[in-house]
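# Remarks on the overall topology
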Amino acid sequence: MVRVVSNQAVLRILFVSAGLLVAGAAAQQADQKPADKPTNDAAAAQAQPAAAPTEAAPAKPAPDAVDPLKRPTNEKQKKKNERALKQELSRPYKKWLEEDVVWIITDEERAAFKQLSNDEERDNFIEAFWQRRDPTPDTEENEYKEEHYQRIAYANEHFAAGVPGWKTDRGRMYIVFGKPDEIDSHPSGGSYQRPMEEGGGETSTFPFEDWRYRYIEGIGQEVIIEFVDTCMCGEYHMTMDRSEKDALLQTPNAGLTLYEQMGMANKSQRFSGNGLERLGAGPESSMLQTKEFDRLEQFAKLQAAPKVKFADLEEEVNSKVILNPMPFDVRADFVKVTSDTVLVPIALQMKNRDITFVNKDGIQRGTVNIFGRLTTLTGKVVQTFEDTVQVDVPAELLPRTAENSQIYTKALPLRPGLYKLYVAVKDVNGDRKGTWSRSIKVPEFSDDKLSTSSLVVADVMEPVPTKDIGTGNFVIGTTKVRPRVAPASGKPALFKRDKDPKLNFWMQVYNLGVDEKTHKPSATFEYEITNLATNKQVVQKTETTDTMGNIGEQVTLQKSIVAANLQPGTYKIEIKVNDNISKQTVNPSALFAVE
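This section reports on the structure supplied with the text.

Take the environment of Val382 next. Relative to the helices and strands, Val382 is located in strand 12 (residues 381-394). Exposure remark for Val382: the relative accessible area of 34% places this residue in the partly exposed category. Counting along the chain gives 32 residues from Val382 to Leu414, while the straight-line C-alpha distance between them is 8.6 Å. In this structure Val382 touches Leu374, Thr375, Thr376, Leu414 and Tyr419, once residues within four positions along its chain are discounted.

Tallied over the full model, the rule gives one disulfide. Across a sulfur-sulfur distance of 1.9 Å, Cys231 and Cys233 are joined as a disulfide pair. On the S-S bond that ties Cys231 to Cys233, the torsion sits near -60°, and the link is left-handed.

Together, Glu120, Glu121, Asp123 and Glu127 make up a region of like negative charge exposed at the surface. With respect to the helices and strands, the residue Glu120 is situated in helix 7 (residues 119-131).

Attention now goes to the side chain of Glu198. Counting through the fold element by element, Glu198 comes out in the loop between strand 2 (190-193) and strand 3 (202-205). Look at Glu198 and you get buried, because its relative accessible area is 7%. In terms of polar contacts, Glu198 uses its side chain to reach the side chain of Tyr192, at 3.5 Å. Apart from the residues lying within four places of it in its own chain, the contact partners of Glu198 are Tyr192, Arg242, Lys245, Thr257, Leu279 and Gly280.

A complete count under the given rule lists 32 salt bridges for this structure. As a salt-bridge pair, Arg151 and Glu147 come within 3.1 Å of each other at their nearest N and O atoms. Here Glu147 and Arg151 lie together in helix 8 (residues 143-158), a separation of four residues that amounts to about one turn. Judged by its relative accessible area of 18%, Arg151 is buried. For Glu277, the salt bridge goes to Arg242, with nearest N and O atoms at 2.7 Å. Of this pair, Glu277 sits in the loop between helix 10 (258-261) and helix 11 (288-303) while Arg242 sits in the loop between strand 6 (237-239) and helix 10, and the two are 35 residues apart along the sequence. By sharing partners, the salt bridges in this structure join Arg194, Asp246, Glu260 and Arg270 into a single network.

Rules of the game
Residues numbered from 1 in each chain as written. Predicted model: local features only at pLDDT ≥ 70, side-chain atom pairs only at ≥ 80, totals over all residues. Heavy atoms only, no water. Helix = DSSP H or I, 4+ residues; strand = E, 2+ residues; numbered from the N terminus. Buried < 20%, exposed > 50% of the residue type's maximum accessible area, 1.4 Å probe, protein only. Contact = heavy atoms within 4.5 Å. Disulfide = S-S within 2.5 Å. Patch = residues over 30% accessible without salt bridge, like charges linked within 9 Å, V, L, I, M, F, W, Y side chains within 5 Å. Areas by Shrake-Rupley, 256 points an atom, 1.4 Å probe, with all protein chains shown as cover. Salt bridge = Lys/Arg side-chain N within 4 Å of Asp/Glu carboxyl O. Lys, Arg positive; Asp, Glu negative; His and termini not counted. Charge placed at Lys NZ, Arg CZ, Asp CG, Glu CD. Polar contact = N/O pair within 3.5 Å; in protein donor to acceptor, adjacent residues only side chain to side chain.

None of this, on its own, says anything about what the molecule does.
Following this line, the structure appears as structure tokens:
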């Protein structure tokens, strides 16, 4: 009895029935059976009758029966193997690219490194990479490289949080920019008194840290980076939204800002139309939108690789690092000229103590050069200005005037939009220089919307002669208005009771509704000065257009009070404008301090 153990045996039987010729061929093939035929087929062949020609083996083995080591390799497989081998050999270079220098290599360098074809080229590239950053190329040591790896080690030791420290946001900032000049750390969160710029008031926070750098090349001065640990797990991430650290942000009627406590704002307003941040309304809330572009720009620059510092003479000459900076403050106001043109008076304020005085014919003279440039967001220069401020003080009075301030203004006509303002000053008689840059948003004054100019708190406000109307320093229209500029620290403009006889407030109102019958506006103006420490109104006054003579849709408001009548403290001046015809209201405000 014939035992069939495979499909091949069945096929052989069919071949026999087809004819003797095919059977003979099959028998001949059986004599040529390969030696490496699987053992089960050989046993099946032995089990068949010897005379049967149907026991012939197949002519070729199955494809998968070929020894893989002897199988020929096609061209595609060769290239694949070469790539795998190259990748295996290049793991140290991949680690160097994706870990060692991931935060400091530029996009151009990264792209160039990936194009290299062999390890010799990669070694040469890495050597040149560190040489370009070596501050002292004439010595054997590369201080930049040594410092870089020390920073990585420090980051891994201090900032690890489920991932190596170099991968965290704090680790990245430390590796790229080094140790901050100051760290305001709140490792446990808890009670937090907001600064006025964040709305004031008290709340509770998640753990957070504010890192302050006095200067970072390519980014600017007084750079503050905030990290928040919202998961309470040690994973601090960098944030643009300063409200993210507020643990009571989502809790109704908790952690209220100063205005929310006073009933002047609602906490729900934080979540609508506040742009990048969900900070509540406060005395300086109007300044937040103008700083949004600055925060976006700074955040983007912090994410980029630092600029390569080639150690050559040109880099030294063009260096922006100022070792002995000269402090000064800047203020920009906005006054409507036409619906398409806004006058932007830019005021610079500097202390006498920061100016170097030299004797000139018995008079102590200080000289400061000023240069300013205004550009669009694309970098196109719109306006430039330069001038010299000269201060003459009798020698015997110089010590007493050290705390006095010098103010310079330049009024620029601009169209509404966002601009970048750069200002640089130089003390001619000394070695001090200073720079300042910030984005400014020039508002659009439409013809159908009630609006106002900037509310200016001034130390001088007086009419000018007819021949000087519209021209000269501090002149706006028919009035000389010299603003008191607030310091860069965020504190309000300061007036002294014993030196400043008056505090002056200047503002223009635009687009008041006009009655069709009388051709006159009908509006009320409420002046309120509040002591922020006691939340009590110390001045409250109301006037109407009926008592202001012949005015039209535009009116200029000018008020003065005696500084000595105010106790030391911080105050808010608010002017509420109620248009009885158009039913529109505006209420601009400003802060100032008295001591």
